[in-house]
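Examining the three-dimensional arrangement
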Amino acid sequence: MSEIAAIGVFDSGVGGLSILKEIRQLLPGEDLTYLADSAYCPYGTKPVSEIRARILKVAAFLSGLGVKAIVVACNTASIAGLDQVREAYPLIPVIGVEPALKPAHGLTRNGKIGVLATSLTLKGDRFSVLVEQFGADVEVYTKPAPGLVELVEAGKLDTPETETLLHQYLDPLLEKQIDTLVLGCTHYPFLIPMIRNICGPKVTILDTGLAVAKQTVRVLEQNRILNPRPRVGEETFYTSGDPEVVNEVVAKLWSKKSVKVLKAQIEA
Ligand code: DGL
């Protein structure tokens with residue numbers, strides 16, 4: 001695997017940019033190739049078998065570009081098929097993401113943890129294992145949150161519509177008096193200002209972006225494929241959807257005036 005190749009990162013849409021940002025902070029010299037699988041978004045309301053098959057195609061696309069590692073920047077995709085991607089690409093290190101129940105278990109003071117994620121993530125075997133491991137001596141309250149992904153995809157981070165939906169999902173968790181909230185979907189960190197407003201200052205909000213970025217650094221080090229050249233890395237963005245539409249929201253979330261999103265041809 002070439003050490004000067006790019007790191008491939010993908011999500012169902014633009015949510016994985018919350019992880020890409022952290023990777024960029026820790027690895028300023030690496031080239032990063034990001035794929036938003038917008039044509040298939042959202043993943044979280046579809047059957048596991050469908051998402052598993054889809055992400056193998058997405059991984060094939062990234063592998064075809066010659067990436068040196070793949071970051072599955074999506075809880076839903078990781079829960080549905082991380083092992084299958086690893087099996088299909090044994091020579092490419094694959095890094096996944098899972099809801100931060102372990103750190104939540106360490107941080108909660110009153111033993112009441114809320115988890116906001118997609119339906120597929122909360123139904124997944126991997127999530128049940130996490131609850132068995134870190135939920136035995138605390139209360140874990142889960143809430144599937146359909147609709148939030150679509151709002152982030154539309155760049156609606158602070159609209160009344162977003163606030164109403166967030167209240168619908170967060171109010172029942174707050175009634176349970178959670179003191180720790182796990183954001184189990186990579187789209188949700190873009191809603192943190194509004195989530196913070198609703199939850200107030202006493203609730204600890206956890207997302208996994210930094211942890212995944214640190215794990216990516218560790219994995220590149222272990223495989224001796226960190227880019228050794230002193231340089232400023234570049235980002236290349238792809239979407240399986242309409243680049244015109246995705247351009248705008250990527251620019252907003254990536255905090256750039258404009259970005260160029262390329263069309264990814266991935267068979268349906
Ligand atoms: N960002 C994905 C995740 O972390 C969103 C899944 C979806 O497309 O529903 O779960």
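Presented here is an overview of the structure given in this document. (Residues numbered from 1 in each chain as written. Predicted model: local features only at pLDDT ≥ 70, side-chain atom pairs only at ≥ 80, totals over all residues. Heavy atoms only, no water.)

Each strand in a sheet pairs with another by means of backbone hydrogen bonds, the pair being arranged parallel or else antiparallel. What the 4 strands build is an open sheet, ordered β6-β5-β7-β8; its pairing is parallel. For this open sheet the edge positions go to β6 (139-144) and β8 (204-206), each flanked by a neighbour on one side alone. Neighbour-to-neighbour, the strand axes of this sheet turn through a mean angle of 20 degrees, independent of strand direction. In the sheet, strand β5 (residues 112-117) pairs with β6 via 6 bridges, with the strands oriented parallel. Residue I113 lies in a different strand from β6, and its bridge partner there is V140. Strands in contact with helix α8 (residues 160-175) are β5, β6 and β7 (180-184); relative to β6, the strand with the most contacts, it is inclined by about 165 degrees. (Pairing = 2+ DSSP bridges. Helix = DSSP H or I, 4+ residues; strand = E, 2+ residues; numbered from the N terminus. Axes fitted to C-alpha atoms, helices over the stretch in contact; angles between N-to-C directions. Contact = heavy atoms within 4.5 Å.)

The next point concerns the site of the ligand. Around the ligand lies a shell of 13 residues, among which S12, Y43, G44, T76 and T186 are the nearest. Take T186: an N or O atom from its side chain is 2.7 Å from a nitrogen atom of the ligand. Protein chains shield 99% of the accessible area of the ligand, which is 300 Å² for the free molecule. Of all the cavities here, the one that holds the ligand is the second largest cavity. Of the residues contributing to the shell around the ligand, the split by class is 5 nonpolar, 7 polar and 1 charged. (Near = heavy atom within 4 Å. Polar contact = N/O pair within 3.5 Å; in protein donor to acceptor, adjacent residues only side chain to side chain. Areas by Shrake-Rupley, 256 points an atom, 1.4 Å probe, with all protein chains shown as cover. 1 Å grid on protein atoms, 1.4 Å probe; cavity = no way out; pocket = protein on both sides within 12 Å on 5 of 7 lines; lining within 4 Å. Sits in = over half its atoms within 2 Å of the grid points. Nonpolar A, V, L, I, M, F, W, Y, C, P; charged D, E, K, R; others polar.)

Our next topic: the environment of G147. Note on placement: G147 falls in the loop between β6 and α7 (148-153). Between the C-alpha atom of G147 and that of A5, which follows or precedes it by 142 residues, the distance is 36 Å.

Turning our attention to the packing of aromatic side chains. For the structure on display, the rule yields 3 aromatic pairs. A ring pair is formed by F61 and Y238, whose centres lie 5.3 Å apart and whose planes are at 80 degrees; its orientation type is edge-to-face. Pair noted here: F61 is in helix α2 (residues 48-64) and Y238 is in strand β9 (residues 235-239), with a separation of 177 residues, a long-range link. Owing to a relative accessible area of 16%, F61 belongs among the buried residues under this scheme. Residue Y238 is classed as buried on the basis of its relative accessible area of 16%. Ring geometry for F237 and W254: centres 5.7 Å apart, planes at 75 degrees, overall edge-to-face. (Phe/Tyr/Trp six-rings, centres within 6.5 Å; stacked < 30°, edge-to-face > 60°. Buried < 20%, exposed > 50% of the residue type's maximum accessible area, 1.4 Å probe, protein only.)

Okay, the layout of surface pockets next. A volume near 430 Å³ is recorded for the largest pocket. As for the largest pocket, its lining consists of 22 residues, and the residues nearest its centre are G96, V97, E98, V212 and Q215. For the lining of the largest pocket, the secondary structure elements donating two or more residues are α3 (75-88), β4 (94-95), α4 (101-107), α6 (125-134) and α10 (209-222). With 5 residues, α10 is the single largest residue contributor to the lining of the largest pocket. The class makeup of the residues in the lining of the largest pocket is 13 nonpolar, 4 polar and 5 charged. (Points joined across faces, edges and corners; volume = space filled by probe spheres on them.)

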